Amino acid sequence: MKLGLGLYRHMLHTDNFRFVRQAGATHIVAHLTDYFSDGPRIPTQEDDGWGWANPDLEPWSAESLSGLRRSIQAEGLELAALENFSPAHWYDILLDGPRRDEQIATIQAIVRNLGEAGIPVMGYNFSIAGVWGHVEGPWARGGAESVGFLGPDGPRETPIANGTIWNMTYDPEAPTGTVSAVGRKELWSRLDRFLGEVLPVAEEAGVALALHPDDPPMPTLRGTARLVYQPRMYQDVLDLHASPSNKLEYCVGSLAEMTEGDIYAFTEQYSQQDAIGYVHFRNVLGKVPRYREVFVDEGDVDMERIVAILATNDFDGVLIPDHTPQMTCEAPWHAGMAYALGYMRGIMRAQGISL
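Conventions and cut-offs
Residues numbered from 1 in each chain as written. Predicted model: local features only at pLDDT ≥ 70, side-chain atom pairs only at ≥ 80, totals over all residues. Heavy atoms only, no water. Pairing = 2+ DSSP bridges. Helix = DSSP H or I, 4+ residues; strand = E, 2+ residues; numbered from the N terminus. Axes fitted to C-alpha atoms, helices over the stretch in contact; angles between N-to-C directions. Phe/Tyr/Trp six-rings, centres within 6.5 Å; stacked < 30°, edge-to-face > 60°. Buried < 20%, exposed > 50% of the residue type's maximum accessible area, 1.4 Å probe, protein only. Arc of directions from axis to C-beta. Contact = heavy atoms within 4.5 Å. Core = buried A, V, L, I, M, F, W, Y, C linked by side-chain atoms within 4.5 Å.

Thoughts on the sheet that holds strand E5 (residues 134–140)
The antiparallel open sheet is built from 4 strands, whose spatial order is E5-E6-E15-E14. Each having just a single partner strand, E5 and strand E14 (283–287) make up the two edges of the open sheet. The average undirected angle you get between the axes of adjacent strands in this sheet is 30 degrees. Pairing of strand E6 (residues 144–149) with strand E15 (residues 290–294), which is carried by 2 bridges, proceeds in the antiparallel orientation. Paired with Phe-149 across the strands is Tyr-291, a residue of E15.

Spelled out as structure tokens, the structure:
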């Protein structure tokens, strides 16, 4: 078992690589999709050692991915996974639109590039609505800023505008109107078809595809169905295509927010199958339709027990704190992540895991 940290695209630079190592972690999960702005800072060869020219597609080339991996290794770390395709890569795969076949070819090429660059896992979220509806507030210990989902007391659900998926605009010139409602059976059919076409490429490339569960885990959101809003539904994903490349992006927080089942029993079930690609290590208070994200040691889940189950079943992947409350200081994100990493390192060492 290994300790890592997820870094967003604008954070993939030497200072943050050194922060990760200083905090006692050894691996990085990198996001190349920019979720936050229309004009991200573009790293250059001089300041980051891996740079790219095209802000949408070039970062996903084998050459650029290899450069990123080398610059991470230069700081004593390893690149464990990439997380999330860009909406521009696969909106018509999700929507079953006219460019679907072209975009399948793009995804297949990206997976081959990961294999060539030696990156073993690609995390993805097969969702149209994406992550939506969370509200920031002083939800964690000591009034630390975090996010919560408030159900009927939160933002009003609105239809998804044309040209948009995952709350991101892929076509600013799309005609007015909204995305048609998508039922659960249809969404599962789209996932089935996607995996049937991409998993063989992933197997050949030596890359695992790891599916994130729904967050928030509601049966429907903004007029579209969701795939994995109960823990047992992860088994349906595994059974859909038996493949060593068909894995789970096991988000403890999202699973704990679900209304059915026992998080410890499901951790046992999926780790025994060697089905977990990597773990999002996050704690929460409450379940849908109302929950809030808190510090890793104050939520409803006994995170030490989760680590013990993973260790018993010889899980050898990476754990990352995917979210954390913001601490009251000049570096809120870094302080929150350092706290989470220190706690995780301690409970992993208590299980006899060498880091």
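Additional details are given in the paragraphs that follow.
Quick word on the packing of aromatic side chains
Inspection of the entire model under this criterion finds 17 aromatic pairs. On the basis of an interplanar angle of 85 degrees and a centroid distance of 5.6 Å, the ring pair of Trp-90 and Phe-126 is categorised as edge-to-face. Here Trp-90, found in helix H4 (residues 87–95), pairs with Phe-126, found in the loop between strand E4 (121–124) and E5; they are 36 residues apart in sequence, far enough to count as distant. Each ring, one from Tyr-234 and one from Tyr-270, has its centre 5.7 Å from the other, and the planes form 85 degrees; the classification is edge-to-face. Here the residue Tyr-234 occupies a position in helix H7 (residues 233–240), and Tyr-270 occupies one in helix H9 (residues 263–272), the gap between them amounting to 36 residues. Of the two residues examined, Tyr-234 and Tyr-270, each falls in the buried class.

With respect to helix H10 (residues 303–312)
Along H10, the residues that are buried comprise Met-303, Ile-306, Val-307, Ile-309 and Leu-310. Here the buried residues of H10 occupy an arc of 160 degrees about the axis, which is enough to place them on one side. Where H10 is buried, its residues meet helix H8 (252–256), H9, strand E13 (276–280), E14, strand E16 (318–320) and helix H11 (332–350). Immediately downstream of H10, the backbone of Asp-314 shows phi near 60 degrees, a positive value.

Focus on unusual backbone geometry
In the segment running from Asp-215 into Pro-216, the intervening peptide bond is cis, with an omega of -5 degrees. Tracing the backbone shows Pro-216 in the loop between strand E9 (208–211) and strand E10 (220–221). Residues Val-288 and Pro-289 are joined by a peptide bond in cis, for which omega reads 10 degrees. Mapping Pro-289 onto the fold places it in the loop between E14 and E15. Not every positive phi belongs to a glycine, and Asp-96 is a case in point at roughly 55 degrees. Examined against the element boundaries, Asp-96 turns out to sit in the loop between H4 and helix H5 (100–117). Residue Asp-96 is classed as partly exposed on the basis of its relative accessible area of 38%. Phi is positive for Asp-274, which is not a glycine, with a value near 55 degrees. Looking at the element boundaries, Asp-274 is found in the loop between H9 and E13.

Looking at the nonpolar core
Membership of the largest hydrophobic core comes to 98 residues, with the highest contact counts inside it found for Leu-82, Trp-90, Tyr-124, Phe-126, Phe-194, Tyr-250 and Phe-281. Looking at which element gives the most residues to this core, the answer is helix H6 (residues 184–205), with 9 residues. In contact with Leu-82, not counting residues within four places along its chain, are Ala-30, Leu-32, Trp-60, Leu-65, Leu-114, Ile-119, Val-121, Met-122, Gly-123 and Tyr-278. In terms of nonpolar packing, the next biggest core, distinct from the first, is built from 9 residues, Ala-80, Val-121, Tyr-278 and Val-318 among them.

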